[in-house]
Amino acid sequence: MNLKTIRENCDFLPIPIRIKEAREYNRLRVTELADMIGKTRQAVSQFENGTTKPTPEVLSKIAEVTGFPIAYFFKLPRPQQATMSQIPLYRGSQTKTENLKRSYEIAAMWSADIIDYLKRYVVLLDVNLPENLEFDPLSKIDICQRIENIAEDVRNQWGLGKGPIHDLAGILENNGFIFSKIPNKVKEVEAFSLWTEGVPHIFYEGNRDTSASYMFSICHELGHLLLHTALQKEEMNKMYKELEWQANFFAGAFLMPAETFGNEYITSNLNSFIQIKKRWGVSLAAMIMRAFALGIIDEQKKSYLFRQMSSRGYRRHEPYDDEMVFMEPSIICNSLKLLIENKVVTFGDFIEDTAIPMDALTAICVLPESFLRTYLEPIRFPPHLRLVK
């Protein structure tokens, strides 16, 4: 956004909610931001509610300490009706502060902005799910079988058969799902998901070191998106543990169908699980829980297997973790590449138009280092020289 556009659209006045979002995204209290910019708490509150406007010097300081481009503070907000249609569902610690949740809500809003931007130029894939996909999470009647049926219906809809899944991100993206890495992440949250204007979006924790952990976390979020979209916030808070169990059960059923995984040679010896880990691409813990859910092992054998895991140090690092590679999502990155290579926009245009912190942009779009090296670093065109004749 250039200076002329800012002046024309906004009378060169920063938009108060954008100042607040910059603070909330960084999980800062009003007093903390005030201390960082050398102002009072009351002054920051007035900037955020629009009572007074910051001077250009103060706004530059806010941008500096929050890591935001100046243009963000002049960017018009999304219309209220076009924001998230569902509160995010989280995988990780139940104790999450409100400022952490708000930070991720802002990231989800930016993701929706980016998808809207891409849709101006690129035909993205429609969401492909079975019709009449209904599930009542409040009913305990045949709950395991109902979740098994939904997992099977989705696999059938996507033509996955009953074997192991490998390119999970590619499968979901080809069926209309959007992926992002979690920006500004913390260890308490492994993943979260939500529906935004009819589009399912999964944010996953991008610096964990095992493919198996990604696979299960993403399928856990897929379970939330399919099973829990109709619940209200109060119901989610009240039923947190039950909803997490349901999402975990779905992940196990989706990744390890009963008909095929149930026929694997499984015993109470941990080595029997290690031998099939690479085939199924999931963790030992997930396979043990799935075997228990299918009645292949009982509670006593399950406990014994987990004790074996602990004694061998597998709670931190399992066999084959270093050999299994997670294929990262690519739909946003490939859409950007399509626009750039067809000279629709430059990467610089995209950065300026989105006007969000670069680290957040990189995470939300899942941009690899090679992409940044190719399209971000300046290209020098040397002058054409000729010898004097």
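A quick note: this is a predicted structure, and the numbers were derived from the prediction, not measured.

Visitor: How should I be thinking about the overall build of the protein chain in this particular structure?
Guide: Helices and strands together make up the secondary structure of the protein chain, namely 19 helices and four strands. With the principal axes as the frame, the protein chain shows a C-alpha extent of 70 × 70 × 45 Å. Out of the 389 residues in the protein chain, the part that is buried amounts to 50%. Sequence separation of 24 or more characterises 72% of the internal contacts of the protein chain that already satisfy a separation of 6 or more. For the protein chain, the accessible area works out to roughly 19900 Å², and carbon and sulfur atoms hold 51% of it. Treating the 46 positive side-chain charges of the protein chain as one cloud and the 49 negative ones as another, the clouds have centres 4 Å apart.

Visitor: How should I be thinking about unusual backbone geometry in this particular structure?
Guide: Negative phi values dominate among residues other than glycine, just as trans dominates among peptide bonds. One non-glycine residue, Tyr320, lies in positive phi territory at about 75 degrees. Examined against the element boundaries, Tyr320 turns out to sit in the loop between helix H15 (299-311) and helix H16 (331-341). Despite not being glycine, Val366 has its phi angle at roughly 50 degrees, a positive value.

Visitor: I tried to follow the environment of Val325 on my own but got confused; where do I start?
Guide: Relative to the helices and strands, Val325 resides in the loop between H15 and H16. Separated by 217 residues in sequence, Val325 and Ala108 have C-alpha atoms that sit 27 Å apart.

Visitor: Help me understand the nonpolar core, please; the structure alone is not making it clear to me.
Guide: Grouped burial of nonpolar side chains is what soluble globular proteins tend to show. The biggest cluster of nonpolar side chains holds 55 residues, and the ones touching the most others in it are Phe73, Trp110 and Ile114. In terms of residue count, the dominant contributor to this core is helix H6 (residues 98-119) (10 residues). Not counting residues up to four positions away in its chain, the partners in contact with Trp110 are Tyr25, Phe68, Tyr72, Ile356, Pro357, Ala360 and Ile364.

Visitor: Explain H6 here, please?
Guide: One turn of the α-helix equals 3.6 residues, which is why residues spaced by three or four share an orientation. For H6, which comprises 22 residues, the first-to-last C-alpha distance of 31 Å matches the rise-based estimate of 32 Å (1.5 Å per residue) to within 8%. Taken across its 22 residues, H6 has 16 buried, putting it largely inside the fold.

Visitor: It is not clear to me how the packing of aromatic side chains should be interpreted in this structure. Could you clarify?
Guide: Between two aromatic rings, the relevant description is the distance of the centres plus the angle of the planes. As enumerated under the stated definition, the model contains 23 aromatic pairs in all. With a centroid separation of 6.2 Å and an interplanar angle of 85 degrees, the aromatic rings of Tyr72 and Phe73 are classed as edge-to-face. Looking at Tyr72, the relative accessible area reads 0%, which means it is buried. Residue class for Phe73 comes out buried when judged on its relative accessible area of 0%. Ring centres of Phe179 and Tyr204 lie 6.3 Å apart, and the angle between their planes is 75 degrees; this geometry places the pair in the edge-to-face category. Of the two residues, Phe179 is situated in strand E2 (residues 178-181) and Tyr204 in strand E4 (residues 199-204); the sequence distance between them amounts to 25 residues. Taken together, the ring pairs connect Tyr117, Tyr121, Phe347, Phe350, Phe371 and Tyr375 into an aromatic cluster. The ring of Phe254 carries the charged tip of Arg155 above its face, separated from the ring centre by 5.8 Å. Taking the ring centre of Phe249 as reference, the NZ or CZ of Arg290 above it sits at 6.0 Å.

Visitor: How should I be thinking about the pairing of E4 in this particular structure?
Guide: Most of E4 is tucked away: six of the six residues are buried. Along E4, one buried face is formed by Val199, His201 and Phe203 and the opposite face, lined by Pro200, Ile202 and Tyr204, is buried too. Pairing between E2 and E4: four bridges, direction parallel. Within E4, the residue paired with Ile178 across the bridge is His201. Hairpin geometry of strand E3 (residues 189-196) and E4 is characterised by an intervening segment of two residues between the two adjacent antiparallel strands and by a positive phi of about 50 degrees at Glu197.

Visitor: For this particular structure, what's the right way to read the packing of helix H3 (residues 30-37) against helix H5 (residues 56-66)?
Guide: Packed helices, taken two at a time, are described by the angle their axes make and the gap between the axes. Where H3 contacts H5, the two axes come as close as 9 Å, and the packing angle between them is 115 degrees. On the basis of the axis angle, H3 is roughly perpendicular to H5. H5 is crossed by H3, and the crossing has right-handed handedness. In contact with Leu33, Met36 and Ile37 of H3, H5 contributes Val58, Lys61, Ile62, Val65 and Thr66. Class assignment of the residues belonging to the contact of H3 with H5 gives a composition of six nonpolar, one polar and one charged.

Visitor: I keep staring at H15 and nothing clicks. Help me out?
Guide: If you check H15, its first and last C-alpha atoms are 18 Å apart, about what 13 residues at 1.5 Å a residue would give, namely 18 Å. Of the positions making up H15, those classed as buried are Lys302, Leu305, Phe306, Gln308 and Met309. One side of H15 holds all its buried residues, which, seen down the axis, span an arc of 150 degrees. Opposite the buried face of H15, by more than 90 degrees, sit the exposed residues Gln300, Arg307 and Ser311. Summarising the contacts, the buried residues of H15 are in contact with helix H13 (270-280) and helix H14 (284-293). Residue Gly313 follows H15 closely and has a positive phi angle near 75 degrees.

Visitor: Looking at this structure, how should I read the pattern of salt bridges?
Guide: Once the charged atoms of two side chains with opposite charge are near each other, the side chains can pair. Throughout the structure, instances matching the rule amount to 15 salt bridges. Here the salt bridges share partners, and the residues they tie into one network are Glu24, Arg102 and Glu105.

Visitor: Even after reading the chapter, I still don't get the environment of Ser370, so can you show me in this structure?
Guide: With respect to the element layout, Ser370 can be found in helix H19 (residues 369-375). Distance in space between the C-alpha atoms of Ser370 and Gly313 is 35 Å, their sequence separation being 57 residues.

Scoring rules and cut-offs
- Residues numbered from 1 in each chain as written.
- Predicted model: local features only at pLDDT ≥ 70, side-chain atom pairs only at ≥ 80, totals over all residues.
- Heavy atoms only, no water.
- Helix = DSSP H or I, 4+ residues; strand = E, 2+ residues; numbered from the N terminus.
- Buried < 20%, exposed > 50% of the residue type's maximum accessible area, 1.4 Å probe, protein only.
- Contact = heavy atoms within 4.5 Å.
- Areas by Shrake-Rupley, 256 points an atom, 1.4 Å probe, with all protein chains shown as cover.
- Lys, Arg positive; Asp, Glu negative; His and termini not counted.
- Charge placed at Lys NZ, Arg CZ, Asp CG, Glu CD.
- Core = buried A, V, L, I, M, F, W, Y, C linked by side-chain atoms within 4.5 Å.
- Expected span 1.5 Å × (residues − 1).
- Phe/Tyr/Trp six-rings, centres within 6.5 Å; stacked < 30°, edge-to-face > 60°.
- Lys NZ or Arg CZ within 6 Å of the ring centre and 35° of its normal.
- Pairing = 2+ DSSP bridges.
- Axes fitted to C-alpha atoms, helices over the stretch in contact; angles between N-to-C directions.
- Parallel < 35°, antiparallel > 145°, perpendicular 65-115°, else oblique.
- Left-handed = near helix turned anticlockwise from the far one by under 90°.
- Nonpolar A, V, L, I, M, F, W, Y, C, P; charged D, E, K, R; others polar.
- Arc of directions from axis to C-beta.
- Salt bridge = Lys/Arg side-chain N within 4 Å of Asp/Glu carboxyl O.

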